[in-house]
Amino acid sequence: MYGNVGSVSAGSGVALAATGLHTAWLFFAAVTLIFMGVALRSLARHGGKVRP
Amino acid sequence: MKVVALVAAHNEEASVGTTIDALLRQTRPIDDIVVISDNSTDRTFEIAHSYPITATRTEGNTHRKAGALNAGWTDFGQDADIILCIDADTILPPGAVASWEQEFERDSGLGGSSAKLTMLGTEFLVRLQRAEFARWTDTGLRRGWTSVLAGTACAIRNDLLHEFSRLAGRQGPWTYDSIVEDFEITYRIRELGYRCHVSPEVRAYTEAMTTRKALWGQRMKWQVGTVEDLLRFGFNKLTRVDWCQQVVGLLAAVVRVMWVWTMVLAMVLGLFRLDPIWLLPSLVFIANDVKQSLRIPHRDKWDVVIAAALLPQEIFAWIRAGWFTASWFSVLKSKVTGRSKDYWSVQYELEDKKAGRPAGTLQENYALQVSKIGRHQRVMGARHVR
């Protein structure tokens, strides 16, 4: 019986971690998209004649 | 216009001669070159004294560079129109002062002009700093303004310095309340409604930090000083961009740490799989880094290789995230305990280690670096990129 309780608890923990991971991936995807946008804008920008 | 150059020097015997040589070779002669040897224990003063310039020593100065600059300005700089602040490990190409003078003549609203800084050396860490400064300069040039007139090499309208010297609690234009006196004075200039910019014309060549420890020490001083000053100035239209940079810098640190935790957790749970779609952002970042590396002055193939490899830039970004976080902790800790670390002494300790360097390294690096790639005008026996 105690073994079953342990299994259920561990299973919930994994499910919770998986949900957390999913949320984290979404967050990183959003952050990556923002930085990709910044990089693409920089790529598209003309550098200018004056060397930095 | 009367132009006076102030060179604050602490134990710079290895490079001060090269800096003075470059100042003496200006196509537009500088009216007075003032080297202020500040608490030097080496031959900095003797070397400066051997040149046809004004060499002086501070007496009992405990306010480091700001104290040295105030002493030099009070004794020799008050009747100038333009004050140049040049570090004693920095080289100004011959046309620099002429360009600066023209900038101030053309634009009466210009309060200060920072040189474009280029680090000398071919070491890996130096290349990363050169790339970083090229990006900083590019941003400054694009915006048309800057919140920091680099204390390494800049020109300031002197009537503004007179205004600051009259502010309460000051013994000259430069404050003793800030460890980043260049950031503070730039803020004061902008507060008076004057513009500060990165000069499109003037480049200065300077030494970079060559060890991780030295780089960390230098950046902690800059970052802690900037945070302390920002807390003092508050959030306003002049500090808005700097505050945003702080927020982005701290977020970058948090996101990086979270990313590692997420990866570890995914692997532990067996949920990790690499989707090829994630390679796309990396390719975009590499393309952007390579594009920017092509704009680095005096670049060679290794600058481009480092940019294309992505990993070195990423490691540098981790280190940057580290000093951003550490500096905020340091400032908050000092607010709680009332005790703050003396970052100037850390900097001096690191700089004192340079004292054993053979004289002429700066000049050799300049000749080596600048002659290697430059395709424009030939100066000082080497080529110079504008």
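Cut-off values and rules
Residues numbered from 1 in each chain as written. Chains lettered and ligands numbered in written order. Predicted model: local features only at pLDDT ≥ 70, side-chain atom pairs only at ≥ 80, totals over all residues. Heavy atoms only, no water. Domains from an automatic or database assignment. Contact = heavy atoms within 4.5 Å. Buried area = accessible area lost by both parts, 1.4 Å probe. Salt bridge = Lys/Arg side-chain N within 4 Å of Asp/Glu carboxyl O. Polar contact = N/O pair within 3.5 Å; in protein donor to acceptor, adjacent residues only side chain to side chain. Helix = DSSP H or I, 4+ residues; strand = E, 2+ residues; numbered from the N terminus. Phe/Tyr/Trp six-rings, centres within 6.5 Å; stacked < 30°, edge-to-face > 60°. Buried < 20%, exposed > 50% of the residue type's maximum accessible area, 1.4 Å probe, protein only. Lys NZ or Arg CZ within 6 Å of the ring centre and 35° of its normal. Pairing = 2+ DSSP bridges. Axes fitted to C-alpha atoms, helices over the stretch in contact; angles between N-to-C directions. Parallel < 35°, antiparallel > 145°, perpendicular 65-115°, else oblique. Left-handed = near helix turned anticlockwise from the far one by under 90°. Nonpolar A, V, L, I, M, F, W, Y, C, P; charged D, E, K, R; others polar.

**Concerning the domain arrangement of chain B**
All names here are of chain B. Along its sequence, chain B is organised into domain 1 (3–208) and domain 2 (241–384). Put simply, the middle of domain 1 and the middle of domain 2, counted by C-alpha atoms, are 24 Å apart. On the domain 2 side, the residues contacting the 40 residues of domain 1 number 40 residues. Between domain 1 and domain 2 lies a buried interface of about 3,800 Å² when both sides are counted; carbon and sulfur atoms form 58% of it. Scanning the region where domain 1 abuts domain 2 turns up six salt bridges. There are six residue pairs in polar contact (both at pLDDT 80 or more) connecting domain 1 and domain 2. Elements supplying a minimum of two residues to the side of domain 1 that touches domain 2: helix 1 (16–24), helix 3 (64–77), strand 5 (90–91), strand 6 (110–120), helix 5 (124–143), helix 7 (181–191) and strand 8 (195–207). Sorting elements by how many residues they give to the side of domain 1 that touches domain 2 places helix 5 first, with 11 residues.

**Details of the packing of aromatic side chains**
Residue and element names in this part refer to chain B. Overall, the coordinates contain nine aromatic pairs over all chains when judged by the stated rule. Seen from their ring centres, Phe316 and Trp323 are 6.1 Å apart, and the 80 degrees between their planes marks the pair as edge-to-face. Of the residues examined, Trp323 reaches a relative accessible area of 3% and is grouped as buried. Joined through ring pairs, the aromatic side chains of Phe133, Trp136 and Trp222 make up one cluster. Geometry around Phe45 places Arg57 over its ring, the cationic atom sitting 3.8 Å from the centre. Cation over ring: Lys221 sits above Trp344, and NZ or CZ is 4.0 Å from the ring centre.

**Focus on the pairing of strand 2 (residues 32–37) of chain B**
Remember that side chains alternate between the two faces of the sheet whenever the strand is regular. Residue and element names in this part refer to chain B. The element strand 2 is extensively covered by neighbouring structure, given that six of its six residues are classed as buried. Residues Asp32, Val34 and Ile36 point to one face of strand 2 and Ile33, Val35 and Ser37 to the other, with burial holding for every one of them. The sheet contact formed by strand 1 (residues 3–9) and strand 2 spans six bridges and is parallel. Bridge pairing links Ala9 to Ser37 in strand 2.

**Regarding the environment of Thr175 of chain B**
All names here are of chain B. As for its position among the elements, Thr175 is in the loop between helix 6 (158–165) and helix 7. Exposure remark for Thr175: the relative accessible area of 5% places this residue in the buried category. The sequence separation of Thr175 and Gln347 amounts to 172 residues, and the corresponding C-alpha distance is 18 Å. Once you skip the residues sitting within four places of it in the chain, Thr175 turns out to touch Ala66, Arg170 and Glu184.

**Observations concerning the packing of helix 7 of chain B against helix 8 (residues 212–233) of chain B**
All names here are of chain B. Closest axis-to-axis distance for the helix 7/helix 8 pair is 10 Å, and the angle between their directions is 30 degrees. With respect to each other, helix 7 and helix 8 are oriented roughly parallel. When you trace helix 7 past helix 8, the crossing you get is right-handed. Contacts between helix 7 and helix 8 involve Phe183, Glu184, Tyr187 and Arg188 from the first element and Thr226, Asp229, Leu230 and Phe233 from the second. A breakdown of the residues in the contact of helix 7 with helix 8 according to their chemical character gives four nonpolar, one polar and three charged.

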